[in-house]
Amino acid sequence: YMDTYPEATVQVAKLLMTECLNDEAVSDMARSTLAREMAAEGKWEPWILACAPPAGVTALSQSLSVVKVALSDLYSSRAHLPALSAVRRVISEVVPPNDVVAIMMGGVGAQVLGLLQSYGTLSIPDIDAVDHRLTSFADCMKVIMAAYQNLVATSTDDSQMAAFLSVVFEVWTAVIQFNGLPNQRSPNTGADPTFGRLSAQAIVHVARSSPVAFKTSVAGLSDHGRALLEFSVRAEMSGYAAAPTQAPVKKKLSLKGFKK
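Below is a short write-up of the structure. (Residues numbered from 1 in each chain as written. Predicted model: local features only at pLDDT ≥ 70, side-chain atom pairs only at ≥ 80, totals over all residues. Heavy atoms only, no water.)

Let us now look at the overall build of the protein. The helix and strand inventory of the protein stands at eleven helices and two strands. Listed by position from the N terminus, the elements making up the protein come as α-α-α-α-α-α-α-α-β-β-α-α-α. Of all 260 residues assigned to the protein, the portion counted as buried reaches 47%. Considering only contacts in the protein between residues 6 or more positions apart, those separated by 24 or more positions represent 68%. Summed over its atoms, the accessible surface of the protein is roughly 12,900 Å², and 55% of this surface lies on carbon and sulfur atoms. (Helix = DSSP H or I, 4+ residues; strand = E, 2+ residues; numbered from the N terminus. Buried < 20%, exposed > 50% of the residue type's maximum accessible area, 1.4 Å probe, protein only. Contact = heavy atoms within 4.5 Å. Areas by Shrake-Rupley, 256 points an atom, 1.4 Å probe, with all protein chains shown as cover.)

To continue, consider unusual backbone geometry. The omega angle of the peptide bond from Pro53 to Pro54 is 0°, so this bond is cis rather than trans. Mapped onto the elements, Pro54 comes out in the loop between α3 (44-50) and α4 (57-72). In this structure, Pro97 follows Pro96 across a cis peptide bond, with omega equal to 0°. Counting through the fold element by element, Pro97 comes out in the loop between α5 (77-92) and α6 (99-120). Here the phi dihedral of Leu122 falls at roughly 50°; this positive angle occurs in a residue that is not glycine. Following the sequence through the fold, Leu122 ends up in the loop between α6 and α7 (133-154).

This part takes up the nonpolar core. Counting 73 residues, the largest nonpolar core has Trp47, Phe169 and Trp172 as the members making the most contacts within it. Each residue touching Phe169, except ones within four places of it in the same chain, is listed here: Ile203, Val206, Phe214, Ser217, Val218, Leu221 and Leu229. (Core = buried A, V, L, I, M, F, W, Y, C linked by side-chain atoms within 4.5 Å.)

As a further point, take the environment of Leu134. Within the secondary structure layout, Leu134 lies in helix α7. On the basis of relative accessible area, Leu134 is assigned to the partly exposed category, the value being 49%. Each C-alpha atom of the pair Leu134 and Thr194 lies 9.2 Å from the other, and the pair is 60 residues apart in sequence.

With that settled, the discussion passes to the pattern of salt bridges. The full count for this structure, using the stated rule, is five salt bridges. When the shortest N-O distance is used, the salt bridge between Arg197 and Glu236 registers 3.6 Å. With Arg197 in helix α9 (residues 193-209) and Glu236 in helix α11 (residues 223-237), the pair connects residues that are 39 residues apart, well separated along the chain. Assessed through its relative accessible area of 32%, Arg197 is described here as partly exposed. Relative accessible area serves as the criterion here: at 16%, Glu236 is assigned to the buried category. (Salt bridge = Lys/Arg side-chain N within 4 Å of Asp/Glu carboxyl O.)

Along the chain, Asp223 falls in helix α11. You can call Asp223 exposed: its relative accessible area is 57%. A distance of 2.6 Å separates polar atoms of two side chains, one belonging to Asp223 and the other to Arg226. (Polar contact = N/O pair within 3.5 Å; in protein donor to acceptor, adjacent residues only side chain to side chain.)

Turning to the packing of aromatic side chains, a few remarks are in order. What describes a pair of aromatic rings is the distance from one ring centre to the other and the angle between the planes of the rings. Tallying each qualifying case throughout the model produces four aromatic pairs. Relative to Phe214, the ring of Phe169 has its centre 5.6 Å away and its plane inclined at 70°; by these criteria the two rings are edge-to-face. With Phe169 in helix α8 (residues 158-179) and Phe214 in helix α10 (residues 211-219), this residue pair connects regions lying 45 residues apart in the sequence. Taken together through their ring pairs, the aromatic side chains of Phe169, Trp172 and Phe214 make up a single cluster. Seen from the ring of Phe195, Arg133 lies directly overhead, with NZ or CZ sitting 4.0 Å from the centre. (Phe/Tyr/Trp six-rings, centres within 6.5 Å; stacked < 30°, edge-to-face > 60°. Lys NZ or Arg CZ within 6 Å of the ring centre and 35° of its normal.)

With that settled, consider the packing of α5 against α6. For the pair α5 and α6, the least separation of the axes is 11 Å and the interaxial angle reads 135°. Accordingly, the angle class assigned to the pair α5 and α6 is oblique. Once α5 is placed against α6, the crossing between them reads as left-handed. Between α5, through Ser77, His80, Leu81, Leu84, Val87, Val90 and Ile91, and α6, the contact on the second element is made entirely by Val100, Val101, Met104, Met105, Val108, Val112, Leu115 and Tyr119. Of the residues assigned to the contact of α5 with α6, the class counts are 13 nonpolar, two polar and no charged. (Axes fitted to C-alpha atoms, helices over the stretch in contact; angles between N-to-C directions. Parallel < 35°, antiparallel > 145°, perpendicular 65-115°, else oblique. Left-handed = near helix turned anticlockwise from the far one by under 90°. Nonpolar A, V, L, I, M, F, W, Y, C, P; charged D, E, K, R; others polar.)

Below, the discussion takes up the packing of α9 against α11. Packed helix pairs are characterised by how far apart their axes lie and by the angle those axes make with each other. Contact geometry for α9 and α11: axes closest at 9 Å, N-to-C directions at 90°. Taken together, the axes of α9 and α11 lie roughly perpendicular to each other. Listed contacts from α11 to Arg197, Ala200, Gln201, Ile203, Val204 and Arg208 of α9 are Leu229, Ser232, Val233, Glu236 and Met237. Looking at side-chain class alone, the contact of α9 with α11 contains six nonpolar, two polar and three charged residues.

Written as structure tokens, this is what we have:
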């Protein structure tokens, strides 16, 4: 809604709101109430300001149930896209290790991953999904990779990282199965190997950065999932130069919630 105002006016309004929120007279309860109300009304700029760390961490935690509702509305891009963008912006403004990322993923991580899968496989019921598919997919990927980087910075337990990766890998392989890769075109309507390659690149990055957790999570995948993931890694690392064989068929997956 702030798009209707001149940029200079918006910046002054943000500065004024930030000053008011940082006043010692504003309690955590008042800040949390504001955050919930702004999220419920789809006013994401004020929500971002209310949730800005460190003072806004409680407001963030208390308002995520409302954000979750917006992200879960797959039939309305007008509801979930601005909410997704706001989530991505909050996460992108913190440097790991940071509790903000863990709180965010614990509250809406499953919904972000669901949107990643829905846009990646064009299974989203929104008729305008194709128009903003790449932007939405990119926002989801940035959130998921920020969560991964935060785990790298905070976790000393490879099993925790592996549990996270096992869920993410299932979604990435589903995206690859639907879209194919540059050297393995998919016959599916709407398939775009760009999305498959983005997923394969993320998998290779994880394999190189967290080899122990990577091996553990891959071992826990189904035979189909493991075969497709390994196929994608080989293709990405070879630069898609080799003549492909038929990519493995993957079973239907189910999403699980994120918990810190």
